[in-house]
Number of protein chains: 2
Amino acid sequence: MKRLWFIIISVLLFAAWSAAQNGPEALSPEEMVRASQIYFDRCSGCHGATRKGATGPSLEPEQFTVKGPEYLKAVIWGGLPGGMPDWGRQGVLTDEDIALMTSYLQSPVEAPPQLSFGDIQETWKLIKAPEDRPATPQTEREWQDYIGVILRDVGKVAILDGDSKDLITILDTGFATHILRSSKSGRYFMAIGRDGKASLIDLWPQVPEVVAEVRPCLDARSIESSKYEGFEDSLAIVGCYWPSHFVVLDGLTLEPIKVVSTVSYAKGVGERIDEARVAAIVASEFFPEWIVNIKEAGQTWLVDYSSVMEPGRPLKITMIDTELYLHDGGWAMGRYFIVAANAVNKLIVIDTKTRQVAAEIEAGTRPHPGRGANWVHPELGPLWATGNIGSPEMTVVAVDPENYPENAWQVVERIEMPYTGTLFIKTHPKSPWVISDFTVSPNPEGAASLCAIDKESLEVNSCWQVPGAAEVNARMVHTEFNKAGTEFWVSAWAPLDKQSFIVVYDAQTLEEKTRISGEWAITPTGKFNVYNTANDIY
Amino acid sequence: MKRLWFIIISVLLFAAWSAAQNGPEALSPEEMVRASQIYFDRCSGCHGATRKGATGPSLEPEQFTVKGPEYLKAVIWGGLPGGMPDWGRQGVLTDEDIALMTSYLQSPVEAPPQLSFGDIQETWKLIKAPEDRPATPQTEREWQDYIGVILRDVGKVAILDGDSKDLITILDTGFATHILRSSKSGRYFMAIGRDGKASLIDLWPQVPEVVAEVRPCLDARSIESSKYEGFEDSLAIVGCYWPSHFVVLDGLTLEPIKVVSTVSYAKGVGERIDEARVAAIVASEFFPEWIVNIKEAGQTWLVDYSSVMEPGRPLKITMIDTELYLHDGGWAMGRYFIVAANAVNKLIVIDTKTRQVAAEIEAGTRPHPGRGANWVHPELGPLWATGNIGSPEMTVVAVDPENYPENAWQVVERIEMPYTGTLFIKTHPKSPWVISDFTVSPNPEGAASLCAIDKESLEVNSCWQVPGAAEVNARMVHTEFNKAGTEFWVSAWAPLDKQSFIVVYDAQTLEEKTRISGEWAITPTGKFNVYNTANDIY
C-alpha cells in the first residue's frame with residue numbers, strides 16, 4: 001500500500017515537473033529573500049502581502065497562466081496607465097530585478113508570519129521614561145512651529161524650524177516612514193514606518209529625541225494618539241497592514257496594551273478577508289474614539305478607548321460596513337470623517353457623532369485625499385476637497401448639512417486639473433489657495449508641477465513646473481503650511497542618488513521664497529507642522 | 001537546475017517515505033471521510049476542529065511521536081479520568097473505528113473550509129413568511145407550558161405538553177441539536193444543531209412547525225434571540241464553533257444580516273487564535289446586547305444590536321478580556337452573567353450594566369453550569385450555583401453585592417456530591433431543591449443517579465439511582481421544570497439501540513410521578529420549557 005502511494009506520488013511529481021518546464025525557474029533561498037524584500041518594498045502596498053490584490057489587482061500565480069512572463073516583465077518595466085509605476089523605466093528595478101520578480105510572482109504565495117502580543121512586547125523599548133522627560137519645553141524655538149520631514153528611503157525624520165528653516169536634528173525611525181501624527185498637546189510626534197516600527201518623538205528637550213519605540217507590525221501605515229478630553233496624549237494606536245490587526249499602546253511609553261484582529265468579512269456581507277489591512281486612523285474629538293479604516297474588508301471601526309485601562313481591558317468597537325478598499329481621509333467640520341474607497345471611486349462620510357454613514361459621494365478615479373482640504377466658501381458654505389490619482393480632477397464637496405442642507409454631500413465642483421496622479425492637496429485658513437501635487441503622474445512634467453486652486457472661484461489659478469525638479473527626476477510631493485499660514489513647503493522627492501530639496505512658497509503670492517536642502521535631504525516626502533497636525537488644520 | 005531539484009525532491013520524498021514506515025497507514029479517501037465525520041461527531045467539541053485543543057488537550061500529530069499509536073488506541077477505547085469518554089468501552093466506537101481514528105490523528109491536520117456570507121445566504125430557507133403565520137395562538141393547550149425535548153442523535157426536537165405530557169409533534173432540526181432558546185415573547189423556539197443548522201419553530205399554529213432555517217456554521221453550539229425592549233423577537237444570533245464567527249439574523253425569518261469574525265488574540269494579550277469558537281450566548285435585558293463568549297480567545301464580547309438594521313449595519317461590540325476556554329453560563333440577579341472558564345477552573349462574573357468584569361471565582365474542577373441555578377437564601381441572600389465535571393462539588397456563590405456586600409462573589413458553600421461528572425443543575429422558585437445530574441460520571445451508577453440539594457441547609461438531601469436507567473446504559477441528563485414549578489423532568493439518555501425515557505418527578509416530594517417514552521424517544525437530552533426559558537427561570 002505504502003509502496004503504491006510512493007510510486008503514484010513519484011509519477012505525479014514527474015508530471016508536475018514536466019509541466020513546469022514552461023514555468024519559472026525555482027528561486028534559490030537567496031533569490032527568495034531578495035525577491036520578498038523587493039515585493040514588500042515596492043509591490044505589497046497596492047497588491048497585498050498575500051498578493052490577493054487591493055488598490056492594484058491580484059498577483060496570485062494563477063493570474064499569469066494566460067498572460068505569461070513576458071507580459072509581466074513588460075508591465076514591471078513600463079507600468080500601466082491605471083497607476084502601476086514604471087519601475088524599470090524609473091531605474092528603481094534593474095533588468096535582473098525584473099526577471100527575479102517575474103519568477104517570484106509565478107511562485108506559490110507564502111503568507112508572512114503572524115505576531116503574538118508577546119512578540120510585539122519584546123520589541124518595546126522605553127528609551128526615556130515619562131518621569132525623566134522635561135516638565136516644560138527646554139528650547140527657545142517655537143516648538144509648535146517645528147516641521148517634521150520624513151526622509152523616506154533612509155528611515156529617518158528630520159525636524160526643522162518652520163520659521164528659521166534650521167535643521168534641528170535627524171532621528172532614526174522605521175523604514176520608509178509613512179506618516180507623522182501629533183499627540184493632542186502637540187508635544188509628541190509619533191512616526192510609523194512601513195516596516196511596522198513606531199517611534200515616539202519628544203519635542204520638548206532642547207533637541208527633540210526618540211523616547212520610545214515598538215514594532216507592532218511587519219508592515220504598517222497608520223498611527224494615532226488619543227485626543228478626547230481627559231485622554232490627551234495618554235493612549236496610542238498602530239494599525240497594521242500585516243498582520244491584520246491593530247494594537248493599543250500607552251501614549252507616553254508605547255507599551256503595548258491590547259491587540260485586536262481585523263480579520264473580517266467584506267462589508268460584513270461578503271467573503272472572509274484574511275488580509276484585512278488597517279488604512280487611515282484618526283482620533284475623534286467628540287468621543288474617546290479612534291476611527292479605524294479596514295481596507296479590504298470595507299469596514300470602518302469606531303474604537304472607543306475610554307475603558308481600556310480598566311480590568312478586562314474593555315474596548316468598545318462600533319463596526320460599520322462602508323466600502324471596499326478604504327484608504328485615507330480627513331475631517332470635515334470636526335465631525336464628519338470622509339474616507340476614500342478606492343475600489344468604487346467613492347468618498348464615504350462617517351458621522352462620528354451619530355456613528356452612522358452620512359453619505360456616499362462619487363469622486364474621480366481613485367480618490368486620494370491624504371486628509372483633504374477644508375475651507376468656507378462665501379456662498380456654498382463649508383467645503384472639503386480631495387485630489388484623485390486616476391483622473392485630472394479635484395473633487396469639491398459641500399459638508400454642512402445643518403446650515404447648508406440644500407447642497408450638503410453634493411459635489412459642488414469637479415475642478416479640471418492639468419494632470420492626473422495627485423497624491424495630496426492642502427490648504428490653510430490664512431491662504432486663498434488649495435495646493436495640489438501630481439506626484440504619481442505618468443508625465444514627468446506633471447510629477448514636477450504644482451497647481452494653486454482659488455478657494456473662492458473654485459478654478460485653477462495657476463500651475464507651474466518647479467524649476468530644477470525634473471532635472472533630478474524629482475516628483476513634487478506633499479504640501480504643508482507653517483503655523484502662521486504664511487508659507488507652504490513642498491518636497492522635491494528625487495531618487496536616492498540625486499539631491500532632493502524642499503521648496504518654500506509664499507502662501508499669498510505663490511512666490512518661491514527659499515529652498516531647503518543639504519546632504520541630509522535624502523528622499524524627503526511628507527512634512528508635518530506640529531500645530532497644524534495637532535489641530536487638524538488642513 | 002530543474003532536473004537537479006527534481007532529483008533532490010525525489011530523494012527527500014524517499015527519505016520521508018522510509019521514515020513513515022513506523023508511522024500510520026495513509027488513509028484512503030473513503031476512510032478519510034469517515035474519520036473526519038467521527039472526529040467531528042465525537043472529538044472536535046473538546047479538542048477543536050483544527051485539533052489545537054481546548055477543554056481537551058491538543059491532538060496535533062506532533063503529540064503522538066512519543067506516546068505512539070498503542071497509547072492512543074488505549075485512550076480512545078478506555079477514556080481518561082479527566083473527562084475523556086471511554087468510546088470503546090461504551091460501544092460508541094468499534095475496534096475498527098478506533099484503529100481508523102488512531103491513524104487519522106497521526107495524519108496532518110486539514111482545517112475545515114471557511115464560509116462566506118453568500119454561502120450562508122444560500123442555505124437560508126423561509127418556509128412560512130411572518131405574514132402567513134397566525135396572529136394569535138391557534139391551540140387550546142397552554143403553549144407556554146410546552147417542553148421542547150432534543151432528540152440528539154436523530155436531529156429532531158419533540159414538542160410535548162408540560163401539563164398533559166402529550167407528544168404534540170416531532171420536528172426536523174440540525175444534527176445533534178445542542179440547545180433550544182426561546183424568543184422574548186416565548187412564541188418561537190430557536191434550535192441550533194451541532195452541524196450549524198438553525199431552525200425557527202413557531203409554537204402558535206395548532207401544531208408547532210419549523211418556519212425558517214439557515215446554516216451559518218459547519219459546527220455550532222449557540223443561538224439566541226434579541227430580548228431588549230423594542231427588539232423583542234426581532235433579531236437573532238448564531239455563534240459558530242467553525243468557522244470562527246457569529247452571524248446576526250432576522251429574528252422572524254432567520255435571514256442573514258451580517259457576519260463578524262471572532263479570530264482574535266488570547267485574552268487580548270496572547271497568541272492569535274484562528275480557531276476562536278463561540279460558546280454560550282445570552283441576551284441582556286438591560287441593554288440591546290448579546291453576551292457572546294469566545295472560548296479559546298478568553299474574551300467576552302457584548303454585542304449591541306440596536307442599530308444593525310441602519311445603513312452600514314453598525315454593530316457595537318465591547319470586547320472584554322476574561323479567561324481561557326469560556327464555556328457556558330447563566331444569569332444571576334438578571335444583571336450578572338456568570339460564565340465558566342474551563343482552562344483555569346474559574347467562574348467569571350460580567351456585570352452587564354457596567355460592562356466590566358465584576359469578579360473571578362474559584363470553582364471546582366471543570367465547572368459546567370449549563371445556566372446554573374438561582375435562589376434566595378434566608379440568611380445569605382441571593383445565591384447562584386454550578387456543578388463541576390471534574391470534581392464532586394456543587395459550588396454555591398453569593399451574588400448580591402448591593403444588599404449582601406460582605407459575602408458577594410464569595411463561595412458560600414462547596415457542597416460535596418457523591419459523584420463527579422455533573423453536566424446540569426436546575427431549580428425553580430417553587431421547588432425547595434436544586435437537582436443535579438452526573439451525566440459524564442465515569443461510574444455507571446453515578447451516570448444513572450440524581451441528587452436533590454436543599455436550598456436552605458445547602459446540604460445534599462437525597463440521592464437516588466433511577467430505576468431502569470443503568471439497565472439500558474442510560475445516563476440521566478438535564479433537568480427542566482414545568483411552568484408551574486410543580487414537576488421536573490429528567491432524561492434517561494440511552495444509546496441509539498436502547499429505549500430512552502424521561503422521568504417526571506414531583507418538585508416538592510421528589511416522588512416519581514410518571515415516565516414518558518415511546519419509539520420516538522431516541523436519545524433525548526436537553527428539555528426546555530417555553531415559559532422558563534423565555535423568562536430565564538433556573
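Residues numbered from 1 in each chain as written. Chains lettered and ligands numbered in written order. Predicted model: local features only at pLDDT ≥ 70, side-chain atom pairs only at ≥ 80, totals over all residues.

1. Description of the overall build of chain A
Alright, step 1. Scanning chain A for helices and strands turns up seven helices and 35 strands.
Alright, step 2. Its C-alpha atoms give chain A principal-axis dimensions of roughly 80 × 55 × 50 Å.
Alright, step 3. When each of the 538 residues of chain A is scored for burial, the buried share is 54%.
Alright, step 4. A separation threshold of at least 6 residues defines the contact pool for chain A, and within that pool the share at least 24 residues apart is 51%. (Helix = DSSP H or I, 4+ residues; strand = E, 2+ residues; numbered from the N terminus. Buried ≥ 20, exposed ≤ 12 C-beta atoms within 10 Å, placed from the backbone. Contact = placed C-beta atoms within 7 Å.)

2. Looking at the confidence of the model for chain A
All names here are of chain A.
Alright, step 1. For chain A, the average pLDDT comes to 93, and 95% of its residues sit at 70 or higher.
Alright, step 2. Long-range and interchain partners of residues 14-22, a stretch whose pLDDT sits below 50, account for three contacts in this model, where long-range means more than four residues apart.
Alright, step 3. The ipTM, which scores confidence in the relative placement of chains, is 0.88 for this predicted complex, and the corresponding pTM is 0.90. (pLDDT = per-residue confidence, 0-100.)

3. Quick word on the nonpolar core
Alright, step 1. Judged by nonpolar contacts, the single largest core of 291 residues is most densely connected at Val 238 of chain A together with Val 238 of chain B.
Alright, step 2. Apart from residues no more than four positions distant in its own chain, Val 238 of chain B is found in contact with Ile 192, Ala 198, Pro 216, Cys 217, Ala 220, Ile 223, Phe 246, Val 247 and Leu 249 of chain B. (Core = buried A, V, L, I, M, F, W, Y, C linked by C-beta atoms within 7 Å.)

4. Here we look at the packing of helix H3 (residues 64-78) of chain B against helix H4 (residues 95-106) of chain B
All names here are of chain B.
Alright, step 1. Close contact between H3 and H4 brings their axes to 9 Å; oriented N to C, the two are set at 150°. It follows from the interaxial angle that H3 and H4 lie roughly antiparallel. Crossing angle aside, the handedness with which H3 passes H4 is right-handed. Note on element contacts: H4 touches H3 through Ile 98, Ala 99, Met 101, Thr 102, Leu 105 and Gln 106, opposite Phe 64, Pro 69, Leu 72, Lys 73, Ile 76 and Trp 77.
Alright, step 2. Of the residues contributing to the contact of H3 with H4, the split by class is nine nonpolar, two polar and one charged. (Axes fitted to C-alpha atoms, helices over the stretch in contact; angles between N-to-C directions. Parallel < 35°, antiparallel > 145°, perpendicular 65-115°, else oblique. Left-handed = near helix turned anticlockwise from the far one by under 90°. Nonpolar A, V, L, I, M, F, W, Y, C, P; charged D, E, K, R; others polar.)

5. A look at the packing of helix H2 (residues 29-47) of chain B against H4 of chain B
Residues and elements named next belong to chain B.
Alright, step 1. In the contact formed by H2 and H4, the axes pass within 10 Å of each other and the chain directions differ by 95°. Comparing their axes, H4 and H2 come out roughly perpendicular. Note on element contacts: H4 touches H2 through Asp 97, Leu 100, Met 101 and Tyr 104, opposite Glu 31, Arg 34, Ala 35, Ile 38 and Tyr 39.
Alright, step 2. The residue inventory of the contact of H2 with H4, partitioned by class, reads six nonpolar, no polar and three charged.

6. Things to note about the sheet that holds strand S2 (residues 146-151) of chain A
All names here are of chain A.
Alright, step 1. Taken in spatial order, the four strands of this open sheet run S4-S3-S2-S35, and their pairing is antiparallel. Edge positions in the sheet fall to strand S4 (167-172) and strand S35 (524-529), since each of these pairs with one other strand and no more. Adjacent strand axes in the sheet meet at a mean angle of 20°, parallel and antiparallel pairs treated alike. (Pairing = 2+ DSSP bridges.)

7. Quick look at the sheet that holds strand S17 (residues 299-304) of chain B
Alright, step 1. The strand order across the open sheet formed by eight strands is S15(A)-S16(A)-S17(A)-S18(A)-S18(B)-S17(B)-S16(B)-S15(B), and the pairing between neighbours is antiparallel. Looking along the sheet, the strands with just one partner apiece sit at the ends: strand S15 (278-283) of chain A together with strand S15 (278-283) of chain B. On average, adjacent strands in this sheet sit at an angle of 20° to one another, irrespective of strand direction.
Alright, step 2. Sheet analysis places strand S16 (residues 289-294) of chain B next to S17 of chain B, joined by six bridges and oriented antiparallel. Among the inter-strand pairings, Trp 290 of chain B is bridged to a residue of S17 of chain B, identified as Val 303 of chain B.

8. Observations regarding the environment of Leu 151 of chain B
Alright, step 1. Within the element layout of this structure, Leu 151 of chain B appears in strand S2 (residues 146-151).
Alright, step 2. If we skip the residues at most four places from it in the chain, Leu 151 of chain B touches Lys 156, Val 157, Ala 158, Ile 522, Thr 523 and Pro 524 of chain B.

9. A word on the domain arrangement of chain A
Alright, step 1. The domains assigned to chain A are domain 1 (2-106), domain 2 (117-141 + 177-321) and domain 3 (142-172 + 417-538).
Alright, step 2. Computed over C-alpha atoms, the centres of domain 1 of chain A and domain 3 of chain A are 36 Å apart. (Domains from an automatic or database assignment.)

10. Describing the pairing of strand S20 (residues 336-341) of chain A
All names here are of chain A.
Alright, step 1. The buried fraction of S20 amounts to six of the six residues, a majority that puts the element mostly inside the structure.
Alright, step 2. Bridge analysis of strand S19 (residues 326-332) against S20 gives five bridges, and the strand direction is antiparallel. The residue of S20 that forms the bridge with Trp 331 is Phe 337.
Alright, step 3. Between S19 and S20, which follow one another and run antiparallel, lie three residues, and Met 333 among them has a positive phi close to 60°.
Alright, step 4. Where S20 lies against strand S21 (residues 346-351), six bridges are found, and the strand directions are antiparallel. Across the sheet, residue Ile 338 finds its bridge partner in S21, namely Val 349.
Alright, step 5. Where S20 folds back onto S21 in an antiparallel hairpin, the turn is made up of four residues, including Asn 345, whose phi is positive at roughly 55°.

11. Section: unusual backbone geometry
Residues and elements named next belong to chain A.
Alright, step 1. Here Trp 242 and Pro 243 are connected by a cis peptide whose omega angle stands at -15°.
Alright, step 2. In this fold, Pro 243 is placed in the loop between strand S10 (235-242) and strand S11 (245-250).
Alright, step 3. Look at Tyr 325: it is not a glycine, yet its phi comes out positive at around 65°.
Alright, step 4. For Tyr 325, the position within the fold is in the loop between strand S18 (315-321) and S19.
Alright, step 5. By the C-beta count within 10 Å, which is 23 here, Tyr 325 ends up buried.

12. Notes on the pairing of strand S33 (residues 501-506) of chain A
Look at any regular strand and the pattern is simple: side chains alternate between the two faces of the sheet.
All names here are of chain A.
Alright, step 1. Of the strand pairs in this sheet, strand S32 (residues 487-493) and S33 are connected by six bridges, and their pairing is antiparallel. The residue bridging Phe 488 from the neighbouring strand is Tyr 505, located in S33.
Alright, step 2. Bridge count for S33 against strand S34 (residues 512-516) is four bridges, and the pairing is antiparallel. Paired with Ile 502 across the bridge in S34 is Ile 516.

13. Examining helix H4 (residues 95-106) of chain A
Alright, step 1. The end-to-end C-alpha distance of H4 of chain A is 17 Å, a good match for the 16 Å that twelve residues give at a rise of 1.5 Å each.
Alright, step 2. Three or more residues of H4 of chain A are buried, namely Leu 100, Met 101, Thr 102, Tyr 104, Leu 105 and Gln 106 of chain A. (Expected span 1.5 Å × (residues − 1).)

14. Describing the environment of Ala 398 of chain B
Residue and element names in this part refer to chain B.
Alright, step 1. Examined against the element boundaries, Ala 398 turns out to sit in strand S25 (residues 393-398).
Alright, step 2. For Ala 398, a count of 23 C-beta atoms within 10 Å translates into the label buried.
Alright, step 3. Remark: the alpha-carbon pair of Ala 398 and Gly 381, spanning 17 residues in sequence, is separated by 7.1 Å.

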